[in-house]
Each structure stands twice: as structure tokens, then as C-alpha cells.
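# A closer look at the structure
One letter stands for each residue in the lines below.
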Amino acid sequence: MFMPVGTQGTVKGISPQELLDIGSQMVLGNTYHLMLRPGEKLVQAHGGLPGFTAYPGPFLTDSGGFQVMSLGHMRKITEEGVTFKSHIDGSTVILTPERSTEVQEALGADVIMAFDECPPYPAEREYIRRSLERTIRWLERCHAVKTREDQALFAIVQGGVHSDLRRLSLDLTLPYETPGFAIGGLAVGESKEEMYPAVAFTAARLPEGKPRYLMGVGHPEDLVAGIALGVDLFDCVYPTRTGRFGYALTDDGRLNMNSSAPRTQLQPIDGDCGCYACRHYTRAYLAHLIRAEEMLAPRMLSLHNLRYLHRLVERARAAIAAGTFQPWAQAWAERYFRHAVPAWFQAALSAGEKAEAVAG
Ligand SMILES: [Zn+2]
């Protein structure tokens with residue numbers, strides 16, 4: 001499944017009812033943002049994220065680690081945790097495995113993530129190795145302080161784009177037998193040619209019967225390639241962010257609604273979509289809203305883009321059930337990439353096919 005991202009306790013511009021209508025199954029909340037503002041205590045006073053946000057479905061919260069690394073100022077990483085200056089008021093904050101777990105218990109998501117370090121790209125091999133070993137000690141500490149039985153704690157496999165380091169991280173992480181595993185440390189600036197072999201290597205070695213979550217990844221082509229390699233869960237701000245910039249996701253690629261062509265087109269964005277925007281509006285009307293800077297435009301494009309990704313995984317799921325995933329994915333890619341399917345995508349499909357054959 002694809003999880004919409006509700007960074008500040010809201011999927012930007014989309015109401016909980018709309019999320020239910022388009023088939024969202026789980027929403028992601030960000031520990032870093034919610035801890036700094038409004039503070040996890042206030043969320044807890046509403047009964048956690050479902051009460052606070054009025055989205056009645058499941059939630060997943062990240063550990064805050066990734067965002068501290070990318071958003072915190074003057075951050076300092078030690079064995080204890082990460083000390084940083086809040087991007088909101090400049091105050092000094094320390095986030096540790098214990099604190100991350102405590103905040104995530106207060107936020108009350110169904111799935112919580114172990115506090116990890118996601119090294120930047122590029123990083124020295126030796127740094128990545130030391131970092132992944134520390135991530136295991138941090139996982140141990142998260143486990144030790146976790147009190148809620150109703151939350152599933154997922155561990156995160158690191159190791160950058162190096163297969164030997166991925167193997168080391170797997171060897172150290174798998175014994176924890178957490179209810180799910182995430183593939184972390186990717187989509188941080190490396191090329192797709194480097195990223196997908198690392199996804200393939202890691203996903204193939206994670207347990208068959210537990211969810212595999214590729215963190216922070218969510219372009220349509222990433223979903224199809226990731227699913228081919230055995231990934232189950234994705235999240236990304238991409239569909240809402242690109243929607244706010246006036247782009248619509250379709251099987252024919254990304255449609256630029258800011259360009260001149262849509263201004264006179266009387267068809268919906270996608271006749272097969274079924275989202276509110278596609279059932280009610282022409283491309284011309286939506287293009288008009290964009291030019292008039294009406295707030296309905298970014299809302300409708302975000303709604304459509306989320307529905308597109310949900311429908312994409314629904315189609316992939318149906319193809320898997322029917323035993324037709326490979327031809328379905330190939331046909332999808334031929335159309336999406338306009339017969340110029342990139343080598344990295346083709347390689348991911350072949351690697352997935354081989355893994356499937358080995359699994360019997
Ligand atoms: Zn639509």
C-alpha cells in the first residue's frame with residue numbers, strides 16, 4: 001500500500017473523509033514535527049492521532065531521526081542521540097531512542113519506527129558501518145523502553161548502497177524479529193541505478209511473511225519497481241507536493257496542468273480514475289483554477305494524485321493475485337515511459353521475476 005504523508009497531522013489540503021473515499025489505508029505522521037509543534041502531550045490529550053486529526057484509520061509514525069538529520073540546525077550525533085536546534089524557535093532539543101519511543105507512544109500510531117541514523121549520500125563506507133551498528137544499539141534501547149503492547153515497532157535496515165553493509169545490517173537486525181522491517185537509507189540522493197540493487201538485495205533477505213517498507217519513496221515508477229522486488233509499503237510527499245505545483249499523475253506520465261494544452265481540453269485528467277476531480281471536472285476547468293490561483297486547484301490535483309497511487313497499488317495487487325504481475329508491470333512501464341523503459345526499471349523487474357522463480 002501507499003501511505004499518504006500527514007506531516008503536521010494533516011495530509012495537506014485533504015480531509016479525512018476524502019482520504020477514506022480515495023481508498024487510503026494508513027496515514028503517516030511525523031514525530032519530529034508533531035513533537036516540536038504542537039507537542040505530543042496535546043495530541044495525546046485528544047486520544048492520539050486518530051482523535052486529534054479525525055482520521056479514523058491506522059497511522060504510522062516515523063522516529064524523527066531522518067528529519068532531525070535533514071531539518072535540525074547545528075545537529076550533533078552521539079551515542080546518546082541527536083542534539084539539534086529546532087527549526088521553529090531555535091531551542092535546543094535532544095532526540096534519543098528513548099525520547100522517540102516516548103513521543104511515538106503518546107502520538108499513538110499503530111506502527112512506530114525504531115530511532116535510526118540515516119547517513120547522508122554520499123558517505124564514507126566506514127561511517128555507514130559505524131552508523132548502522134549504532135542504529136542496532138538504538139533499536140535495542142527502543143525495545144527496552146517500549147511499553148505499549150498495541151503498537152508494532154518496525155526495525156530499519158541500513159547500509160547505504162553497499163551490499164556487504166546491507167548484509168551486516170540484516171544480520172544484526174533480523175534477530176529482533178520485529179513485526180515488520182523497513183528499508184532505510186535510500187532515496188537520499190543516490191541514482192536509481194545504485195538504489196534499486198540495494199532494494200533488491202535487502203528485500204530478498206527480509207522475511208516473506210512480514211511487511212517490508214521502503215521509506216520515503218513514492219514516484220509511480222518506484223512503486224511498480226519496488227513491488228516487483230517484494231516491497232509492501234511506501235510513503236512519500238510526492239503526490240501532494242507535485243499536485244500543489246500543478247502536476248497530475250497518469251498512466252501516460254506526469255501531466256503539466258500549468259502548460260497551455262490542458263486549458264482547452266474538455267476531458268478529465270484521467271477517464272479511468274474515479275476520484276472526485278476526475279468525475280466532476282474537465283482539465284480545462286482545473287487549468288483555469290490554477291491560473292486563477294484558486295485553492296481548489298492544488299486540493300483537487302493532490303486528491304487525484306493520491307488516488308492515482310492508491311489505484312496503482314490496487315492494480316498491482318490484483319495482478320499479483322492473478323499471477324500476471326510481470327506482464328502487467330511491463331505494459332504499464334511501456335506506456336508510462338513512452339516505450340523508453342529505463343535500464344534500472346527493467347533490471348528491477350527481471351530481479352523480481354528471478355526471485356519469484358526461486359521462491360517457487
Ligand atoms: Zn482523478
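Criteria and thresholds
Residues numbered from 1 in each chain as written. Predicted model: local features only at pLDDT ≥ 70, side-chain atom pairs only at ≥ 80, totals over all residues. Heavy atoms only, no water. Helix = DSSP H or I, 4+ residues; strand = E, 2+ residues; numbered from the N terminus. Rg over C-alpha atoms; globule rule 2.2 N^0.38 Å. Buried < 20%, exposed > 50% of the residue type's maximum accessible area, 1.4 Å probe, protein only. Contact = heavy atoms within 4.5 Å. Areas by Shrake-Rupley, 256 points an atom, 1.4 Å probe, with all protein chains shown as cover. Lys, Arg positive; Asp, Glu negative; His and termini not counted. Charge placed at Lys NZ, Arg CZ, Asp CG, Glu CD. Donors = N, O, S within 2.8 Å, 3.2 Å for Na, K, Ca; no water. Tetrahedral: all angles 85-135°; square planar, octahedral: opposite > 155°, others 65-115°. Polar contact = N/O pair within 3.5 Å; in protein donor to acceptor, adjacent residues only side chain to side chain. Salt bridge = Lys/Arg side-chain N within 4 Å of Asp/Glu carboxyl O.

Moving on, we come to the overall build of the protein chain. A count of helices and strands for the protein chain gives 16 helices and 13 strands. For a compact globule of 360 residues, the expected C-alpha radius of gyration is about 21 Å, and the protein chain comes in at 21 Å, within 12% of that figure. Viewed in the frame of its principal axes, the protein chain has a C-alpha envelope of about 60 × 50 × 35 Å. Considering the protein chain as a whole, with its 360 residues, one finds that 53% of them fall into the buried category. Expressed as a percentage of contacts within the protein chain between residues at least 6 apart in sequence, the contacts between residues at least 24 apart total 66%. Looking at the protein chain as shown, the accessible area adds up to about 15400 Å², and 54% of this sits on carbon and sulfur atoms. Computing the positive centroid from 36 side-chain charges and the negative centroid from 40, the protein chain places the two 4 Å apart.

Time to look at the coordination of the zinc ion. Each donor-metal-donor angle would ideally measure 109.5 degrees in four-coordinate tetrahedral geometry, or 90 or 180 degrees in six-coordinate octahedral geometry. Of the protein atoms, only Cys-273 (SG), Cys-275 (SG), Cys-278 (SG) and His-304 (ND1) coordinate the zinc ion, at distances of 2.1 to 2.3 Å. One can describe the site at the zinc ion as tetrahedral: its four donor atoms subtend angles covering 99 to 123 degrees at the metal. Expressed as a motif, the donor residue spacing for the zinc ion is C-x1-C-x2-C-x25-H. On the basis of relative accessibility, which here comes to 9%, the residue Cys-278 falls in the buried class.

Within the element layout of this structure, Glu-117 appears in the loop between strand S7 (111-113) and helix H7 (125-145). A distance of 2.3 Å separates the side chain of Glu-117 from the side chain of Tyr-127, its partner in a polar contact. A polar side-chain atom of Glu-117 sits 3.0 Å from a polar atom in the side chain of Arg-134. When near neighbours in sequence (up to four residues on either side) are disregarded, Glu-117 contacts Met-69, Ile-77, Tyr-127, Ser-131, Arg-134, Thr-135, Trp-138 and Gln-158.

Moving on: the side chain of Arg-283. Tracing the backbone shows Arg-283 in helix H13 (residues 283-291). Lacking a salt bridge, the buried Arg-283 has Asp-252 as its closest oppositely charged neighbour, with an N-O distance of 6.1 Å. Within polar-contact distance, the side chain of Arg-283 engages the backbone oxygen of Pro-268 at 3.1 Å. Within the structure, Arg-283 has its side chain in polar contact with the backbone oxygen of Ile-269 (distance 2.8 Å). Residues in contact with Arg-283, not counting those within four places in the same chain, are Leu-255, Met-257, Pro-262, Gln-265, Gln-267, Pro-268 and Ile-269.

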